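# Structure at a glance
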Amino acid sequence: MKYVVLVSHGTFAPGLKSVLAMLAGGERDDVISVGLEDGMSADQFAEKLKKAIEVVGDEDEIILLGDIVGGSPMTNAIAQISERGLESQTIVLGGMNLAMALTATIMKDGVDIDTLKENLIHEAKEAIREFPLADQNEDEDDDI
């Protein structure tokens, strides 16, 4: 099985998992989320993550998405994955957003890992753009 593992500061990862349940077909056993909560030590986070990824077997793959590249949730997650000897079947991407997580969840079983990485990065970048608002005064002037 391929698991999407979301890690973040605060409740971003668990909140994102909740949104994925809405958008990607209900509660999913293949999505794991762990947040470094306020006041939680790095050791407590590591233990919580260790417990959360116990379901991952030696034949499984991990798509690890973290909120900040080099942040303590990501670095602690990498350490836990390394302790389990799962580095060779793990890809790690930072700068997690909803588009990236949704793409990972939906596409992970249908494409090879290189195509998946390309799509995740592309979707994450494409999700960031300005949404220009029309000037309300312009609309009123057009009606006159």
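Let me begin by describing the structure that accompanies this report. Going along each chain's sequence as written, the residues are numbered from 1 onward. Residues qualify for local features only when their pLDDT is at least 70, as the model is predicted, and side-chain atom pairs are given and counted only at 80 or more; totals for whole chains, interfaces and linings, by contrast, use all residues. Side-chain numbers here rest on the full set of heavy atoms in the structure, without hydrogens or water.

## Brief notes about the nonpolar core
So the rule is basically this: Only buried Ala, Val, Leu, Ile, Met, Phe, Trp, Tyr and Cys residues count toward a nonpolar core, and they belong to the same one when joined by side-chain atoms within 4.5 Å. Accessible area is worked out with a 1.4 Å probe on protein chains only. A residue is then buried under 20% of its type maximum, exposed over 50%, and partly exposed in between. Secondary structure is summarised from DSSP: a helix means a run of H or I of at least four residues, a strand means a run of E of at least two, and numbering begins at the N terminus for each. Contacts were defined at the residue level, with two residues in contact if any of their heavy atoms lie within 4.5 Å.
In this structure, Val4, Leu6, Ile63, Leu65, Met96, Met100 and Leu120 are the most contacted members of the largest nonpolar core, which totals 17 residues. Breaking this core down by element, the ones donating at least two residues are strand 1 (2-9), helix 1 (12-23), strand 3 (61-66), strand 4 (90-94), helix 4 (98-107) and helix 5 (113-126). Contacts of Leu120, omitting those with residues within four sequence positions, involve Ile63, Ile91, Leu93, Met100, Thr103 and Ala104.

## Observations concerning the sheet that holds strand 4
Threshold: Two strands make a pair as long as DSSP finds a minimum of two bridges between them. Working convention: axes come from line fits to C-alpha atoms, limited for helices to the stretch in contact. Angles between N-to-C directions cover 0 to 180 degrees.
Strand order in this open sheet of four strands is 2-1-3-4, and the pairing throughout is parallel. Looking along the sheet, the strands with just one partner apiece sit at the ends: strand 2 (31-36) and strand 4. Mean inter-strand twist for the sheet, computed between neighbouring axes without regard to direction, equals 15°. Here six bridges tie strand 1 to strand 2, and the two strands are oriented parallel to one another.

## What about the packing of helix 2 (residues 42-52) against helix 3 (residues 72-83)?
Working note: a packed helix pair is described by the angle between its axes plus the distance between those axes. So the rule is basically this: Should an angle lie under 35 degrees it is considered roughly parallel, over 145 roughly antiparallel, and from 65 to 115 roughly perpendicular; all remaining angles are considered oblique. Should the near helix be turned anticlockwise from the far one by less than a right angle, the crossing is left-handed, and should it be turned clockwise, the crossing is right-handed. As a working rule, the residues Ala, Val, Leu, Ile, Met, Phe, Trp, Tyr, Cys and Pro are called nonpolar, Asp, Glu, Lys and Arg charged, and the rest polar, with Gly in that last group.
The geometry of helix 2 relative to helix 3 is characterised by a closest axis approach of 10 Å and an angle of 50° between their N-to-C directions. Classified by the interaxial angle, the pair formed by helix 2 and helix 3 is oblique. Helix 2 and helix 3 meet at a crossing whose hand is right-handed. Of the residues in helix 3, those in contact with Ala42, Phe45, Ala46, Leu49 and Lys50 of helix 2 are Pro73, Asn76, Ala77 and Gln80. Classifying every residue of the contact of helix 2 with helix 3 gives six nonpolar, two polar and one charged.

## Focus on helix 3
Quick note on the threshold: In this scheme, a helix's expected span is set at 1.5 Å multiplied by one less than its residue total.
With 12 residues, helix 3 extends 16 Å from end C-alpha to end C-alpha; this agrees with the ideal 16 Å at 1.5 Å per step. The secondary structure elements touched by the buried residues of helix 3 are strand 1, strand 2, helix 2, strand 3 and strand 4.

## A few points about the pairing of strand 3
Counting buried residues along strand 3, five of its six residues qualify, which places the element largely inside the surrounding structure. The pairing of strand 1 with strand 3 spans six bridges and is classified as parallel. Directly across from Val5, in strand 3, lies its bridge partner Leu64.

## Some remarks on the environment of Gln80
Along the chain, Gln80 falls in helix 3. On the basis of relative accessible area, Gln80 is assigned to the buried category, the value being 9%. If near-sequence neighbours (up to four positions away) are discounted, Gln80 is found in contact with Ala46, Leu49, Lys50 and Ile53.

## So, the side chain of Thr105
Stated precisely, the cut-off is as follows: Counted as a polar contact is a pair of N or O atoms within 3.5 Å, where, for protein atoms, one must be capable of donating a hydrogen and the other of accepting one, and residues adjacent in sequence contribute only when both atoms are in side chains.
For Thr105, the location among the structural elements is in helix 4. Judged by its relative accessible area of 2%, Thr105 is buried. Within the structure, Thr105 has its side chain in polar contact with the backbone oxygen of Ala101 (distance 2.8 Å). For Thr105, the residues in contact, after removing those within four places along its chain, are Val4, Leu20, Ala24, Arg28 and Val31.

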